[in-house]
Amino acid sequence: MSLTGIIDAIYTFCQNAMQIMGYPGLALVMFLENVFPPIPSEIVLPVAGTLTVSSDPAARAVQYFPCLALGNAGHLCRCMALVLGRLSYR
């Protein structure tokens, strides 16, 4: 599989997760982006931005500020998981 095939697969996964699950899908993908390195935020956040300005009524259900808040929440959950892992290691 080529690099473009991998990037297309990640893009499709992110887009489907956000369209099917909505905002929790965005938080989940942001959490996975921080835990699983092959999912870069350079793919995740533009997908969310594309869904906020899409002319498709089904995709347009994603609004800007909740998207921003839940993207940050997913990242914060990852940071908290790292801190808890670090504290439990000691």
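How each quantity is defined
Residues numbered from 1 in each chain as written. Predicted model: local features only at pLDDT ≥ 70, side-chain atom pairs only at ≥ 80, totals over all residues. Heavy atoms only, no water. Helix = DSSP H or I, 4+ residues; strand = E, 2+ residues; numbered from the N terminus. Expected span 1.5 Å × (residues − 1). Buried < 20%, exposed > 50% of the residue type's maximum accessible area, 1.4 Å probe, protein only. Contact = heavy atoms within 4.5 Å. Core = buried A, V, L, I, M, F, W, Y, C linked by side-chain atoms within 4.5 Å. 1 Å grid on protein atoms, 1.4 Å probe; cavity = no way out; pocket = protein on both sides within 12 Å on 5 of 7 lines; lining within 4 Å. Points joined across faces, edges and corners; volume = space filled by probe spheres on them. Axes fitted to C-alpha atoms, helices over the stretch in contact; angles between N-to-C directions. Left-handed = near helix turned anticlockwise from the far one by under 90°. Nonpolar A, V, L, I, M, F, W, Y, C, P; charged D, E, K, R; others polar.

A. Representation of helix α2 (residues 23-35) within the structure. Its 13 residues give α2 an end-to-end C-alpha distance of 19 Å, which sits within 8% of 18 Å, the value for a rise of 1.5 Å per residue. Three or more residues of α2 are buried, namely G25, L26, A27, V29, M30, E33 and N34. Packed against the buried residues of α2 are α1 (3-21), α3 (41-52) and α4 (64-89).

B. Quick look at the environment of E33. Tracing the chain through its elements places E33 in helix α2. On a C-alpha basis, the gap between E33 and I43 in space is 9.5 Å, while along the polypeptide they are 10 residues apart. In contact with E33, other than residues within four places in its own chain, are I39, P40, S41 and V44.

C. Spatial organisation of the nonpolar core. Core analysis: the largest hydrophobic core is formed by 14 residues, its most contacted members being C14, M18, L26, V44 and V47. Those elements that provide at least two residues to this core are α1, α2 and α3. Looking at this core, the element that brings in the most residues is α3, giving five residues. In this structure, V47 is in contact with Y11, C14, Q15 and M18, ignoring residues within four places of it in sequence.

D. Representation of the layout of surface pockets in the model. The calculated volume of the largest pocket comes to roughly 160 Å³. Together, M30, L45, A48, G49, T52, Y64, C67, L68, G71 and N72 line the largest pocket. Counting residues per element, the ones that place at least two in the lining of the largest pocket are α3 and α4. Counting residues per element, the lining of the largest pocket draws most heavily on α4, which supplies five residues.

E. Spotlight on the packing of α2 against α4. It is at 8 Å that the axes of α2 and α4 come closest, and there the two elements cross at 40°. Note on packing geometry: the crossing formed by α2 with α4 is right-handed. Across from Y23, L26, A27, M30, F31, N34 and V35 in α2, the residues of α4 making contact are P66, C67, L70, G71, G74, H75, C77 and R78. Of the residues assigned to the contact of α2 with α4, the class counts are 10 nonpolar, four polar and one charged.

On their own, these measurements won't tell you what the molecule is for.
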